[in-house]
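# Structure assessment
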Amino acid sequence: EEEEEEEGDHHHDGDDHLVSKPKTTVNTNVQSGKQTWTNPQHREMYKTMYDEYHKLRSGANVCHSCRFLDGIKKRYKFKTLLDAGCGTAVMVRKLRESGIDARGIEAASLPLKEYASDLLANGTVFSTPMQEIPFKTESFDMITSVEVFEHIPEADIDRSINELSRVAKPGASAFITVGQSTSRFDTADGRKKSAVAQISTKFKFHETVKPRQWWLDTFCAHGWFADDDAYIHMVKTSNEGGLSRPPPRGWFSLTKGKPNGKPCKCKVPPGRQASWFCGVGRPNAKKDVAKLWSDLKKEASA
């Protein structure tokens, strides 16, 4: 696609964080029925869907992640930050205005073209899925991703987290929120009034809706471990009602490569039932991630 080729040619001399955009990985072994951005046809479907999605949800001042900004700045010490799924890049702008070298990626092209064309032009943000992050290894102290992972097809989850791990510095922190419910746009009735009405509902806006323990097992397999103190801080500062309300099950405060106690075990907070808050885990996560790393080595040497 011409637009992607143009973006792939971006190179900013003297910028320590940027590299040329990686080539799109085309997985020729995609199993039937499994949606993935590595399939060119699926990729075009998702790009169409999410441009329409952002027509409904985006705006010049719309910032779904900004509610967490104060809590993040108070809790974490960082000079560089990647907002993975940055939408209109409002949070990226706010952080840069405060002296943080913040960058962003967003799979949908519309919100960046409409509301962050300047940041897109100078290489501060890129229109790319999470599994193709165009930044150098170990570039960021902090990773944020707010209500993004549920949109990623399950077949792409491990590659996406692997890319976050690649660009995060050793000991980096991450604050991630993941939607825990299906989307109203994932039914035929929910799509009737949009441009995606004719797209099969096998392509979903919320592709990966999993329990908290499943996500903890997955992050842990990639070397990201739960930071319970940071989690409580974020709940206290950013949850409506603070600690007076039960903590959300879809929020994750993580540290790269620094396990503490039992970091992969879901801790049940007061006011929540274990079966609902934690749910079923992903027992084969480490095995699956090990296979991914083996596959990536084969791809690199091909």
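Residues numbered from 1 in each chain as written. Predicted model: local features only at pLDDT ≥ 70, side-chain atom pairs only at ≥ 80, totals over all residues. Heavy atoms only, no water.

It is worth spelling out the side chain of Arg282 at this point. Among the structural elements, Arg282 can be located in the loop between α11 (274–277) and α12 (285–301). Classification of Arg282 as buried rests on a relative accessible area of 12%. A distance of 3.1 Å separates polar atoms of two side chains, one belonging to Arg282 and the other to Thr218. Contact partners of Arg282, with chain neighbours within four places excluded, come to Asp158, Gln213, Trp214, Asp217, Thr218 and Asp288. (Helix = DSSP H or I, 4+ residues; strand = E, 2+ residues; numbered from the N terminus. Buried < 20%, exposed > 50% of the residue type's maximum accessible area, 1.4 Å probe, protein only. Polar contact = N/O pair within 3.5 Å; in protein donor to acceptor, adjacent residues only side chain to side chain. Contact = heavy atoms within 4.5 Å.)

Moving on, we come to unusual backbone geometry. The backbone of Ala89 sits at a positive phi, close to 70°, despite the residue not being glycine. With respect to the helices and strands, the residue Ala89 is situated in the loop between β1 (80–84) and α4 (90–97). Phi angles above zero are rare outside glycine, and Glu138 is one such case at about 55°. Along the chain, Glu138 falls in the loop between β3 (125–127) and β4 (140–146).

Turning our eyes to something else, we now look at the pattern of salt bridges. Two side chains carrying opposite charge are able to pair once their charged atoms lie near each other. In this structure the tally under the stated criterion is 16 salt bridges. Linking Asp101 and Arg96 is a salt bridge whose minimum nitrogen-to-oxygen distance equals 3.3 Å. Residue Arg96 is classed as partly exposed on the basis of its relative accessible area of 33%. Taking the shortest distance from any N to any O, the salt bridge between Lys192 and Asp189 comes out at 3.3 Å. Residue classification places Lys192 among the exposed positions, given a relative accessible area of 60%. (Salt bridge = Lys/Arg side-chain N within 4 Å of Asp/Glu carboxyl O.)

Judged by nonpolar contacts, the single largest core of 60 residues is most densely connected at Leu82, Met130, Ile143, Phe149, Phe219 and Trp224. Not counting the four nearest positions on each side in its chain, Trp224 is found in contact with Ile143, Ile161, Leu164, Ser165, Ala168, Ala172, Ser173, Ala174, Phe219, Leu254, Thr255 and Lys256. Among the nonpolar cores identified, the runner-up in size contains 11 residues, and Met49, Tyr50, Ile199 and Phe205 belong to it. (Core = buried A, V, L, I, M, F, W, Y, C linked by side-chain atoms within 4.5 Å.)

With the rule as written, the count across this model stands at 3 disulfides. Note on cysteine connectivity: Cys63 is disulfide-linked to Cys66, with sulfurs 1.9 Å apart. Across the S-S bond of Cys63 and Cys66 the torsion is about 85°, and the bridge reads as right-handed. Look at Cys63 and you get partly exposed, because its relative accessible area is 21%. Residue classification places Cys66 among the buried residues on the basis of a relative accessible area of 18%. The disulfide bridge from Cys220 ends at Cys264, spanning 1.7 Å between sulfur atoms. On the criterion of sequence distance, the pair formed by Cys220 in helix α9 (residues 212–221) and Cys264 in the loop between β7 (251–256) and α11 is long-range, its members being 44 residues apart. Shown here for the chain is a disulfide pattern of 1-2, 3-4, 5-6, where each number marks a bonded cysteine counted in sequence order. The closest cysteine sulfur to the non-disulfide-bonded Cys86 is located on Cys63, 9.9 Å from its own sulfur. The buried category is assigned to Cys86, whose relative accessible area is 7%. (Disulfide = S-S within 2.5 Å.)

Scope: geometric values only; no functional claims are made or implied.
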